[in-house]
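Architecture at a glance
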Amino acid sequence: MSVETIAAHFREQAMFCDMYGSRFTGALMKHMADDLEAGGPMAALAGDWPTSPRADALALRFTGVLHEAALSGRDPKLAALYPAENPDWKMEEVWPAALAFLQREQAWVREFVRSAPQTNETRRSIALLAAFLTFAQTWDGPIDFLEIGASAGLNLNWDRFAYRPATWSWGDNSPVVIDTDWNGPPPPVEAKLNVRGKAGCDLNPLDIRDPAALLRLKSYVWADQPDRLARFDGAVALALMNDTRVERESADAWLARKLAGRANDAATVVYHSVFLQYPPPETRKAIVAAIEHAGASATKAAPLAWVRLEPEGLFDGPRDSPRMVIDLVTWPGGTRRVLGYTDGHVRGVY
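Summarised in this report is the structure supplied together with it. (Residues numbered from 1 in each chain as written. Predicted model: local features only at pLDDT ≥ 70, side-chain atom pairs only at ≥ 80, totals over all residues. Heavy atoms only, no water.)

What about the overall build of the chain?
- For the chain, the count of helices and strands is 12 helices and 11 strands.
- Over its C-alpha trace the chain gives a radius of gyration of 21 Å, about what one expects of a compact globule, namely 20 Å for 350 residues.
- Projected onto the principal axes, the alpha-carbon positions of the chain cover approximately 65 × 40 × 35 Å.
- With 350 residues in all, the chain has 55% of them scored as buried.
- Of the contacts formed within the chain by residues at least 6 apart in sequence, a portion of 71% connects residues at least 24 apart.
- If you average the places of the 37 positive and of the 44 negative side-chain charges in the chain, the two averages end up 3 Å apart. (Helix = DSSP H or I, 4+ residues; strand = E, 2+ residues; numbered from the N terminus. Rg over C-alpha atoms; globule rule 2.2 N^0.38 Å. Buried < 20%, exposed > 50% of the residue type's maximum accessible area, 1.4 Å probe, protein only. Contact = heavy atoms within 4.5 Å. Lys, Arg positive; Asp, Glu negative; His and termini not counted. Charge placed at Lys NZ, Arg CZ, Asp CG, Glu CD.)

Written as structure tokens, this is what we have:
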């Protein structure tokens, strides 16, 4: 990839950060793009990136680097300038410290950015919940839930979160409170959700019991979004309290195995959020094939549901659309129902 292409990716991601209310993270990315083109430390670290920077979320890898350096105290000067310690931050003070860190710690930075970012955006659970409740309108029996791309498993505890948008409420008090700008009618909150079992898989699950892995996971949350950081901390506390575990396996193989052994006296719900765009095309095809194969043998006594929060371009929407579609496919029958649209952080649902 050319330096121009890589710098353009950083600027595009900076635009998204600005749109999502993260001026700090967006400003960092713009400075990184400038430094790439000027032949500075960023050019040495990222100028020869061999694959698609957009597909690899390269800009998010580098902002993760700096956030971890601040969170861990690896760079005390950077920590003192970051929003957590300095709400009145000034980028003209932050960027020189960030640039000095990138120059000084090149070996550590190179090792850090080898790994793809992982996010457990807990706010996405409010979109998933709407689909779960919609399914439960026609099924009040036990349900086994299977999450693919579960990362550290924080969203496996979706039923222990408190959902508090302005127009409806669901769930008991919780250290994780989810709200959003909900437009349109509320989901059927009166529907009975009989959660019998939950399981999740990820190709590289991060273990939140490992302090280093937990720090890495938190570093990918944008540093100037305290509400997201608070939800992250609450979700970690819940996951530790409930000993939440994620199985290490490719989603296609795990799903094929789980669905082949699914119960004949309960419903099975497969779900994922902002995941399906990342596996290689052959893996994605195998995931879809496993679900559709299981759907073909679903019965009224053991139905199957597929809940998705994914870019609409993966399905029947414009390929370059920034919107996420919330939809539900149910078997027997394979009927698809679009429930709404949102963005990657679920700041609003409509």
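Once you've had a look at it, read on.
Examining the pattern of salt bridges
- Tallied over the entire structure, the rule returns 27 salt bridges.
- Where R216 meets E68, a salt bridge forms, and the shortest distance between an N and an O atom there is 3.6 Å. Remark: E68 occurs in helix α4 (residues 58–72) and R216 occurs in helix α9 (residues 211–219); sequence separation between them is 148 residues.
- Taking the relative accessible area as the measure of exposure, R216 reaches 18% and is therefore buried.
- The residue D227 makes a salt bridge to R231 at a minimum N-O spacing of 3.9 Å. Of this pair, D227 and R231 both sit in helix α10 (residues 226–241), separated by 4 residues, roughly a single helical turn.
- The class of D227 is partly exposed, set by a relative accessible area of 37%.
- Taken together, the shared-partner salt bridges in this structure form one network comprising E121, D227, R228 and R231. (Salt bridge = Lys/Arg side-chain N within 4 Å of Asp/Glu carboxyl O.)

A short note on the environment of A84
- For A84, the position within the fold is in the loop between α5 (76–81) and α6 (91–104).
- Along the backbone, A84 and A223 are 139 residues apart, and their C-alpha atoms lie at a distance of 7.3 Å.

Overview of the pairing of strand β10 (residues 335–342)
- Here strand β9 (residues 324–331) pairs with β10 via 7 bridges, running antiparallel. Bridging across to β10, I326 finds its partner in G340. (Pairing = 2+ DSSP bridges.)

Points about α10
- Helix length check: α10 (16 residues) gives 23 Å between terminal C-alpha atoms against 22 Å at 1.5 Å per residue, within 8%.
- Looking only at α10, the buried set comprises R228, L229, R231, F232, G234, A235, V236, L238 and A239.
- Considering only its buried residues, α10 is in contact with α4, β3 (177–178) and α9.
- Just past α10, the residue D243 takes up positive phi, approximately 50°. (Expected span 1.5 Å × (residues − 1).)

Let's talk about the sheet that holds strand β1 (residues 142–148)
- Taking strand neighbours across the sheet as the criterion, the 7 strands line up as β6-β5-β1-β7-β8-β9-β10 in an open arrangement whose pairing is mixed. A single partner strand is all that each edge strand has here, and the edge strands are β6 (247–248) and β10.
- Contacts from helix α8 (residues 125–136) reach β1, β7 (267–273), β8 (304–311), β9 and β10 within the one sheet, and its direction differs from that of β7 by about 160°.
- Most of the contacts of helix α12 (residues 281–296) go to β8, to which it runs at about 155°, and overall it touches β1, β7, β8 and β9. (Axes fitted to C-alpha atoms, helices over the stretch in contact; angles between N-to-C directions.)

A word on the pairing of β8
- Among the 8 residues that make up β8, 8 are buried, leaving the element largely enclosed by the rest of the structure.
- As defined by bridge partners, β7 adjoins β8 across 6 bridges and the pair is classed as parallel. Along β8, the bridge assignment pairs Y271 with V307.
- In this region the chain leaves β7, passes through α12 and returns to the parallel neighbour β8; the handedness of that crossover is right-handed. (Right-handed = clockwise from strand over helix to strand, strands pointing away.)

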